[in-house]
Amino acid sequence: MRPWIGAALAAFVMIQAGRATAAPLRVLSLDQCADQYALALAPDAELALSPRADDPDSWLRAAARGHRQVRPTLEAAIAFRPDVVVRYWGGEPRLLAALERRGVRVLLIDEANDLVGVRATVRRLAAGLDRPEGGEALIRHMETQLATIPARTGPRPGALYLTAGGFTAGRETLVGAVLVAAGFVNLAASPGFAPVSVERIALNPPFRFVLGFFDQIRADWRGAGRHPVVRRASAGRVAARLPATVLSCPAWFAADAAAMLAAAP
């Protein structure tokens, strides 16, 4: 064997051995939304999830079972020694700053206001976790879900989104984008999120309601959305009831929410 061939072969064997023994990526998730991204994009990593990872309103709660769950504190983070931290709202800014000083990569989930923003967030998080293929797979899932929504030939029906707490979502919100993607006209006139008065619904009820978070029985059980007047006004007018699992995070399953809404009878 020629000397250079032997040296190249030895180097190749050493590289492969290094890959085989390399420690898995260690990912710390600071909140439930971050849990979804960590579980979907880096299921092969060493994960430390938030205490809400397997709650009923978690989209990937089944996948979260069996993974460790830690509180979003500096002590827990130091003990886990993460390579990457994923965060939407959990943890204090001081915690993030302390982790960055220690060389930890921090990935922040943007507040996406439309499906274009969701795709951008998925790709950015996937790149930050060194899982670009996983990001593209999630985007293909989005496109598949959106492709199931039939094109409307006539006028689009109007609908008002209403949460159990009595809030609606207008323009420049992801929920508003979901309504439009499902083929509805959003009847919320103002941009962003805003309360809806019981009196307004009683005097001028919309033709259709899209209800959100009503599956969380213990949440907002005294909210305006559960008021008897609202219940009577919405009787026979509910286009769909979207579960909290598709509403609690600006993520790829917003496309699932649009498909659910479009398929509702």
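Coordinates for the structure precede this section.
Calculation criteria
Residues numbered from 1 in each chain as written. Predicted model: local features only at pLDDT ≥ 70, side-chain atom pairs only at ≥ 80, totals over all residues. Heavy atoms only, no water. Disulfide = S-S within 2.5 Å. Helix = DSSP H or I, 4+ residues; strand = E, 2+ residues; numbered from the N terminus. Buried < 20%, exposed > 50% of the residue type's maximum accessible area, 1.4 Å probe, protein only. Polar contact = N/O pair within 3.5 Å; in protein donor to acceptor, adjacent residues only side chain to side chain. Pairing = 2+ DSSP bridges. Contact = heavy atoms within 4.5 Å. Axes fitted to C-alpha atoms, helices over the stretch in contact; angles between N-to-C directions. Core = buried A, V, L, I, M, F, W, Y, C linked by side-chain atoms within 4.5 Å. Phe/Tyr/Trp six-rings, centres within 6.5 Å; stacked < 30°, edge-to-face > 60°. Lys NZ or Arg CZ within 6 Å of the ring centre and 35° of its normal.

With that out of the way, let us pick up the state of the cysteines. Put plainly, a disulfide is one covalent bond tying together the sulfur atoms of two cysteines. Under the defined criterion, the tally for this structure stands at 1 disulfide. What pairs with cysteine 33 in a disulfide is cysteine 249, and their sulfur atoms sit 1.9 Å apart. The chirality of the disulfide connecting cysteine 33 with cysteine 249 is right-handed, given an S-S dihedral of about 50°. On the criterion of sequence distance, the pair formed by cysteine 33 in helix 2 (residues 32-41) and cysteine 249 in the loop between strand 11 (238-242) and helix 11 (254-263) is long-range, its members being 216 residues apart. Classification of cysteine 249 by relative accessible area gives buried; the value is 4%.

Another aspect to go through is the environment of histidine 227. Assignment of secondary structure puts histidine 227 in the loop between strand 10 (209-212) and helix 10 (228-234). For the pair histidine 227 and leucine 30, spaced 197 residues apart in sequence, the C-alpha to C-alpha distance is 34 Å. In terms of polar contacts, histidine 227 uses its side chain to reach the backbone amide nitrogen of valine 229, at 3.0 Å.

Here the focus is the sheet that holds strand 5 (residues 105-108). Strands sit in the order 3-2-1-4-5 across an open sheet of 5 strands; the sheet is parallel. Looking at which strands have only one partner, the edges of the open sheet turn out to be strand 3 (68-69) and strand 5. Pairing between strand 1 (residues 26-29) and strand 4 (residues 84-87): 3 bridges, direction parallel. The partner of leucine 28 across the bridge, within strand 4, is valine 85. Packing of helix 6 (residues 115-128) onto the sheet brings it into contact with strand 4 and strand 5, and relative to strand 5 it is tilted by some 170°.

A word on the nonpolar core. Here is a general trend for soluble globular proteins: nonpolar side chains tend to be buried in one another's company. By size, the foremost hydrophobic cluster in this structure holds 56 residues, and its most contacted members are Val27, Tyr37, Val86, Ile109, Leu129, Trp252 and Leu261. Setting aside residues no more than four positions away along its own chain, tryptophan 252 makes contact with Gln36, Tyr37, Ala40, Trp59, Leu60, Val118, Val122, Leu138, His141 and Met142. Residues Ala77, Leu95, Leu96 and Val106 belong to the second largest nonpolar core, which totals 13 residues.

With that out of the way, let us pick up helix 11. Burial within helix 11 is extensive, with 7 of its 10 residues counted as buried. Among all positions of helix 11, only Ala254, Ala255, Asp256, Ala257, Ala258, Ala259 and Leu261 are buried. Structurally, helix 11 contributes buried residues whose contacts are with helix 6, helix 7 (132-147), helix 8 (174-181), strand 10 and strand 11.

What follows deals with the packing of aromatic side chains. Counted according to the given criterion, the structure contains 3 aromatic pairs. Their ring planes at 75° and their centres at 5.0 Å tell us that tryptophan 252 and phenylalanine 253 sit as a pair that is edge-to-face. Under the relative-accessibility criterion, tryptophan 252 is labelled buried at 4%. A cation over a ring is seen here: arginine 26 above phenylalanine 80, with NZ or CZ 4.3 Å from the ring centre. When the ring centre of phenylalanine 184 is taken as origin, the NZ or CZ atom of arginine 152, which lies over that ring, is 5.1 Å away.

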